[in-house]
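Coordinate inspection notes
So the chains spell out like this:
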Amino acid sequence: MQQDAIHTFLQKLEESFQKGDFVKLTLSKSRSKKAELKNIFISPVKIKAGLVCNLVYRYPTRDITKNLTLEDTLSELRRALREDFSHADMYVTGKNLKLLISKKGQAKLLTRHIEVPAPVEFAHNRSKGRIIQTHNNTWLRQLGVVNANYEVRHEMKDKFLQINRYVELLEPEIQMLNNTKQLQVADMGSGKGYLTFALYDFLLNKTGNHPFVQGIEFREDLVDTCNSVAREASFKNLSFKQGSIEESGLPELDVLIALHACDTATDDAIYRGITANASLIVVAPCCHKQIRKDWLPAEQLKGVTRHGILDERQAELVTDALRALIMESRGYKTKVFEFIATGHTPKNIAIVGRKINKSTREKEKAMEEAGKLKELYGIKHHYLEQLLEQPL
Ligand SMILES: C[S@@+](CC[C@H](N)C(=O)[O-])C[C@H]1O[C@@H](n2cnc3c(N)ncnc32)[C@H](O)[C@@H]1O
């Protein structure tokens, strides 16, 4: 029974890979509660050597990526299903196959017919290793990132690198979302729209999703320009709306992003993401002024706070640590990391929150930790916390 179900599942992968209609496969449900390895995500990818499988090994604080031939992928899957995971979920065009292995080792295979987009072509077949292709790219040309020959303009090299880095960091998070529905995405404080366009381009052209993406931006001139570039690029489900993050009434969202929204605008954006029940929230905070105005750090921290620059940096760290904890207390699993070298931008910290099934105790624990941090720094309130306390 077990052998049959696992054998059939692997055979289906082999057939669909060879036919070119394999979309993605996820291994989940670790056999051991203590296991560090949480998931393996597998998708097809074209590299110079031909079509291979890209495997992303997800650990709590890092991802490890490998490209393997089909044969090696099949033996790695056999091993992982034996030793590490009890669920495997595979999408091929038109079908979803779920392999469930019980604690007693009984395996069963469930197949259902669904609408699945054409196979994705994730990563690695990128010109000069960049996820966003420059060739014939209308929006990059209209926004002045590339010249008329579609070469990156010298003065836009850092911006181009930043756009690519940001999409690269979103890629594994997006692979974990339900790709069978049209993703609803909002970009808060979209500015000139570099990132909004990049994300739309990536979702449409690399994942086969047909997302609805909306940028929210104060400045009317930027909104008008971005809407006209979206029309030129024939990005029909990408639009920009003039307005403030605070007042943007949003429907249910899958993804909320906010890159370098000033000061508490990042909190407004996170708040919007939480209340719109976003599965994924990604922010890269900008300046952090709010808590520094009225905090009173403990006497023991005087050695740090007496120096203006260290005080400022500490306020940034504490603000972002509290943001992450508050998101944790609302059911998000968070990661905080540098997404680009400081030489390209000093505002290089990203906070990524993915909504997961958290117990009430886990959420309370995050709030307790936030409380202790606030106490140490004599912080009366954090703006995000205040927003979440107000009635909806
Ligand atoms: C530093 S720019 C970043 C733009 C874009 N996210 C990027 O990274 O390229 C911040 C943008 O957010 C907009 N903004 C700041 N606070 C806002 C708010 N509360 N509501 C709407 N837009 C806001 C500003 O007008 C500006 O265009």
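Keep in mind it's a predicted model, so treat the numbers as computed, not measured.

Cut-offs applied
Residues numbered from 1 in each chain as written. Predicted model: local features only at pLDDT ≥ 70, side-chain atom pairs only at ≥ 80, totals over all residues. Heavy atoms only, no water. Phe/Tyr/Trp six-rings, centres within 6.5 Å; stacked < 30°, edge-to-face > 60°. Helix = DSSP H or I, 4+ residues; strand = E, 2+ residues; numbered from the N terminus. Buried < 20%, exposed > 50% of the residue type's maximum accessible area, 1.4 Å probe, protein only. Patch = residues over 30% accessible without salt bridge, like charges linked within 9 Å, V, L, I, M, F, W, Y side chains within 5 Å. Areas by Shrake-Rupley, 256 points an atom, 1.4 Å probe, with all protein chains shown as cover. Salt bridge = Lys/Arg side-chain N within 4 Å of Asp/Glu carboxyl O. Domains from an automatic or database assignment. Contact = heavy atoms within 4.5 Å. Buried area = accessible area lost by both parts, 1.4 Å probe.

Before going further, it helps to examine the packing of aromatic side chains. In this structure the tally under the stated criterion is five aromatic pairs. Ring geometry for W139 versus F197: centroids 5.6 Å apart, planes at 20°, classification stacked. Taken as a pair, W139 in helix α3 (residues 138-142) and F197 in helix α5 (residues 194-206) lie far apart in primary sequence, 58 residues in all. Residues W139 and F197 agree in their burial class; the two are buried. Ring geometry for W295 against Y377: centres 5.3 Å apart, planes inclined by 15°, an arrangement best described as stacked. A residue pair is termed long-range when its members are at least 10 positions apart, and W295 in the loop between α8 (290-294) and α9 (302-305) and Y377 in helix α11 (residues 360-377) qualify at 82 residues. For the pair shown, W295 and Y377 are each scored as buried.

Once that is clear, we can look at a nonpolar patch on the surface. Among the surface-exposed residues, V304, I309 and L310 lie close enough to one another that they form a single nonpolar patch of about 220 Å² accessible area. As for its position among the elements, L310 is in helix α10 (residues 308-329).

Another point: the domain arrangement of the protein. Per the domain assignment, the segments making up the protein are domain 1 (2-113) and domain 2 (127-389). The distance between the C-alpha centroids of domain 1 and domain 2 comes to 31 Å. Contacts between domain 1 and domain 2 engage eight residues on the former and nine residues on the latter. Across the interface of domain 1 and domain 2, roughly 730 Å² is buried in total on both sides, 49% from carbon and sulfur atoms. In terms of surface lost to domain 2, no three residues of domain 1 exceed K24, F41 and R58, which account for 53% of the buried area on that side.

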